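Analysis of the macromolecular model
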Amino acid sequence: MNIVMFGPPGAGKGTQSENLVKDFNLFKVSAGDLLREEAKNNSSLGTKIKNIIDRGLLVSDDIIDDLIEKTLCNKNYFNKLIFDGYPRNLNQAKHLDLLIKKYNQRISCVLSLKIEKDIIIKRILGRIICSKCKLTFNEYFYPPTKENHKCNLKFLTKRSDDNKQTVENRLETYTKKTSQVLNYYQNQKLLYEIDGMSDISNIYKEIRQIIHSLET
């Protein structure tokens, strides 16, 4: 199966995607991770992407579409992908449909996490990531401890784009760009909306129920 995970920045898409990866042997395709990885390069493209990300804006469709296709065409991931943070607009959604058909695959469902703005901002500003093990924590809701994190504290960092102004820009951009995408998938009867304000385990339980219902 291929799954599209939707939700505003800080809604918990990454956490739920990682759970699905482990339980259903899937591979996560994070547009944000692909872009940040490219931004680490010293090329002109990498520098351009970093400047855009730091301002809370979105890169051009052509750039992200090409990065997505590189993964989608990999036979090791055939019908085993979770798209996290892509598509972000209607053009990308339509292009993803073309790529899915091109490589003889299909989208099983689109999961949309709904969450209030003030909680989103707190989740993002408190986000901490371990550069070594890649685990994500939050200084307000889920701080790193000796029990849940074994790496040295020096590996704990915050993303450069996790600041209030950037968050506000990202939320405004998300709202403007994605309403059409959600309608697009709703018309295809692929969209499932989930209360992202609930406990992480309860959210995942609902997601599992949706996936199991599609398998029957």
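Criteria and thresholds
Residues numbered from 1 in each chain as written. Predicted model: local features only at pLDDT ≥ 70, side-chain atom pairs only at ≥ 80, totals over all residues. Heavy atoms only, no water. Helix = DSSP H or I, 4+ residues; strand = E, 2+ residues; numbered from the N terminus. Buried < 20%, exposed > 50% of the residue type's maximum accessible area, 1.4 Å probe, protein only. Contact = heavy atoms within 4.5 Å. Axes fitted to C-alpha atoms, helices over the stretch in contact; angles between N-to-C directions. Parallel < 35°, antiparallel > 145°, perpendicular 65-115°, else oblique. Left-handed = near helix turned anticlockwise from the far one by under 90°. Nonpolar A, V, L, I, M, F, W, Y, C, P; charged D, E, K, R; others polar. Salt bridge = Lys/Arg side-chain N within 4 Å of Asp/Glu carboxyl O. Pairing = 2+ DSSP bridges.

Let's talk about the environment of serine 108
- Examined against the element boundaries, serine 108 turns out to sit in the loop between helix H5 (90–102) and strand E4 (109–114).
- The exposure class of serine 108 is buried, given its relative accessible area of 11%.
- Sequence spacing of serine 108 and leucine 190 is 82 residues, and the spatial spacing of their C-alpha atoms is 7.1 Å.
- When neighbours within four sequence positions are excluded, serine 108 is seen to be in contact with Met1, Asn2, Leu190 and Leu214.

Here we look at the packing of helix H1 (residues 13–24) against helix H8 (residues 200–215)
- Closest axis-to-axis distance for the H1/H8 pair is 10 Å, and the angle between their directions is 50 degrees. When the axes of H1 and H8 are compared, the pair comes out oblique. Considering only the axes of H1 and H8, their crossing is right-handed. Contact residues: H1 offers Thr15, Gln16, Asn19, Leu20, Asp23 and Phe24, while H8 offers Ile200, Ile203, Tyr204, Ile207, Arg208, Ile211, His212 and Glu215.
- Grouping the amino acids of the contact of H1 with H8 by side-chain chemistry returns seven nonpolar, four polar and three charged.

Focus: the pattern of salt bridges
- Throughout the structure, instances matching the rule amount to eleven salt bridges.
- Ionic pairing is found between lysine 102 and glutamate 69, a salt bridge with its closest N-O pair at 2.9 Å. With lysine 102 in helix H5 and glutamate 69 in helix H4 (residues 61–72), the pair connects residues that are 33 residues apart, well separated along the chain.
- Salt bridges sharing common partners tie together Glu18, Lys28 and Asp84.

Some words on the pairing of strand E3 (residues 81–84)
- Neither face of E3 is left uncovered, since the one carrying Leu81 and Phe83 and the one carrying Ile82 and Asp84 both have all their residues buried.
- Sheet analysis places strand E2 (residues 27–30) next to E3, joined by four bridges and oriented parallel. Across the sheet, lysine 28 pairs through a bridge with isoleucine 82, a residue of E3.

Quick notes on the sheet that holds strand E7 (residues 156–157)
- Pairing is antiparallel in the open sheet, where three strands are placed in the order E6-E5-E7. In this open sheet, the two strands that pair with only one neighbour each are strand E6 (136–138) and E7.
- With two bridges joining them, strand E5 (residues 127–130) and E7 adopt antiparallel strand pairing. The partner of cysteine 130 across the bridge, within E7, is leucine 156.

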